[in-house]
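One letter stands for each residue in the lines below.
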Amino acid sequence: MYLLGADSATPQPSQYRGRSVWGVYVAGSTPHVWRRGEVAQLGLHGVQGFLPIVVPTQSSSWWVNPAEELYSLASLATHWGLPKGAPIVLDVEHDQGAAMTPAQADNVCLTWALVCQALGRRSWMYGSRDFLEHERWSLKWLAEYPAATPSAPTLPAGYAGWQYRGGVGGIDLDVFEAGRDFVSPSLKVVTLPSRPRGLTLRFK
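Quick caveat: nothing in here was measured; it's all calculated off a predicted structure.

K.L.:
Run through the overall build of the protein chain, naming residues and quoting values.
P.N.:
Secondary structure assignment for the protein chain yields 5 helices and 10 strands. For the protein chain, the C-alpha radius of gyration of 16 Å lies close to 17 Å, the compact-globule estimate for 204 residues. Counting the 204 residues in the protein chain, one finds 50% classified as buried. Excluding contacts between residues fewer than 6 apart, the proportion of contacts in the protein chain whose partners are at least 24 apart in sequence is 59%. Accessible surface computed for the protein chain: about 9,500 Å², of which carbon and sulfur atoms make up 51%. Put simply, the protein chain has 17 plus and 16 minus side-chain charges, and the middle of one group is 14 Å from the middle of the other.

K.L.:
Let's hear about the confidence of the model for the protein chain: which residues, and what values?
P.N.:
For the protein chain, the mean per-residue pLDDT works out to 94, and 95% of the residues sit at or above 70. Segment residues 195–204: pLDDT under 50, and 12 contacts once partners within four positions in sequence are set aside and those in other chains are kept.

K.L.:
Residues and numbers for the side chain of E38, please.
P.N.:
Tracing the backbone through its elements, the reader meets E38 in helix α1 (residues 36–44). Not counting chain neighbours up to four residues away, the residues in contact with E38 comprise P11, H32 and V33.

K.L.:
Which residues make up unusual backbone geometry, and what values go with them?
P.N.:
Cis geometry is adopted by the peptide bond preceding P193, which originates at L192 and carries an omega value of -5 degrees. Of note, P193 is situated in the segment after β10 (189–192). Non-glycine residue L187 carries a positive phi angle of around 70 degrees. Positionally, L187 belongs in the loop between β9 (180–183) and β10.

K.L.:
How would you sum up the environment of E144? Please name residues and give values.
P.N.:
Its place among the elements puts E144 in the loop between β6 (139–143) and β7 (161–168). Sequence spacing of E144 and W162 is 18 residues, and the spatial spacing of their C-alpha atoms is 7.3 Å. Ignoring sequence-local partners within four residues, the contact set of E144 consists of R129, W162, Q163 and Y164. A distance of 2.7 Å separates a polar atom in the side chain of E144 from a polar atom in the side chain of R129.

K.L.:
Tell me what's going on with the pattern of salt bridges, and back it up with residues and numbers.
P.N.:
The full count for this structure, using the stated rule, is 4 salt bridges. With a closest N to O distance of 2.7 Å, E144 and R129 form a salt bridge. Within this pair, whereas E144 is found in the loop between β6 and β7, its partner R129 is found in helix α5 (residues 129–132), the two being separated by 15 residues in sequence. Taking the relative accessible area as the measure of exposure, R129 reaches 31% and is therefore partly exposed. Of the charged contacts in the structure, one is a salt bridge between E177 and R180, with a shortest N-O distance of 3.0 Å. Owing to a relative accessible area of 26%, E177 belongs among the partly exposed residues under this scheme.

K.L.:
Which residues make up the pairing of strand β8 (residues 171–177), and what are the values?
P.N.:
Along β8, 6 of the 7 residues are buried, which leaves the element largely enclosed by surrounding structure. Hairpin remark: β7 followed by β8, antiparallel, with 2 residues in the connecting loop; positive phi at G169, about 60 degrees.

K.L.:
Outline a nonpolar patch on the surface, supporting the account with residue identities and numerical values.
P.N.:
Taken together, L110, L114 and W137 make up a surface patch of nonpolar side chains, about 240 Å² in accessible area. Among the structural elements, L114 can be located in helix α4 (residues 102–118). Its relative accessible area of 45% is what places L114 among the partly exposed residues.

K.L.:
Please set out the pairing of β9 residue by residue, giving values where relevant.
P.N.:
On a regular strand, each side chain points to the face opposite its neighbour's, so the side chains alternate between the two faces of the sheet. Sheet analysis places β9 next to β10, joined by 4 bridges and oriented antiparallel. Within the sheet, the bridge partner assigned to F182 lies in β10 and is V190. Between β9 and β10, which pair antiparallel one after the other, the connecting turn spans 5 residues, and L187 there sits at a positive phi close to 70 degrees.

Parameters and conventions
Residues numbered from 1 in each chain as written. Predicted model: local features only at pLDDT ≥ 70, side-chain atom pairs only at ≥ 80, totals over all residues. Heavy atoms only, no water. Helix = DSSP H or I, 4+ residues; strand = E, 2+ residues; numbered from the N terminus. Rg over C-alpha atoms; globule rule 2.2 N^0.38 Å. Buried < 20%, exposed > 50% of the residue type's maximum accessible area, 1.4 Å probe, protein only. Contact = heavy atoms within 4.5 Å. Areas by Shrake-Rupley, 256 points an atom, 1.4 Å probe, with all protein chains shown as cover. Lys, Arg positive; Asp, Glu negative; His and termini not counted. Charge placed at Lys NZ, Arg CZ, Asp CG, Glu CD. pLDDT = per-residue confidence, 0-100. Polar contact = N/O pair within 3.5 Å; in protein donor to acceptor, adjacent residues only side chain to side chain. Salt bridge = Lys/Arg side-chain N within 4 Å of Asp/Glu carboxyl O. Pairing = 2+ DSSP bridges. Patch = residues over 30% accessible without salt bridge, like charges linked within 9 Å, V, L, I, M, F, W, Y side chains within 5 Å.

This is the structure we're talking about:
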C-alpha cells in the first residue's frame, strides 16, 4: 500500500487535499523554514503526516568533512520541535551528490545515520538514484522524474519514497511507503496509514 504525498518550499494550502504526507523544510539552506503554525495547517486539510527536510549549505564542499554540517542540521531540526523518534530527511541535490567521490558519498550517508541516531531521530536520505546507491543505513527517498508522469505511481523497489514529478503548481509530487513513521501536524510520531480494524484505506 502506498501513500500519496507532495512537498513544497512554502505552504500551499490549496494543494493539500488528497495527500496523506507532505515534505516541509525545517532547517538549512532553504528559502523558507516552515513555522509550526504552518505545519499545523496541514492537518486541517487532511494531511496526516509530514516529513521534515534539512538542506546542507550550497556554497561549499561540506561533504569533504561532513560531521559538523550534518550535526548542525540535525540539531536545528531537533530544536525546531521534532519529537524523539521523528524522521529527518537530508536533502542532497543532484549536483552535490554528483560532485562527491564514492568514498565521500559513503561517508556522508553513514555520518548522517550516526548523527540522527545520536539525537534519537530516524534518518532518511533524499537524492538521485546514483547517489542513493551509496545509502545503506537510512530510508531512501528517490528523486527521479520519468518522461511520462505515472497516473498510479508505485514505489521502485528499495525506496521508502519517490518524488516522481517536480514543479506542479508550486509542489513536487511524491508517493511513500505505508507503515513508515512520519510526524503528525501536532508534532507526534505517527505510523501511516493508521486505520481502524476492518477498514481498508484506498489511495488513488
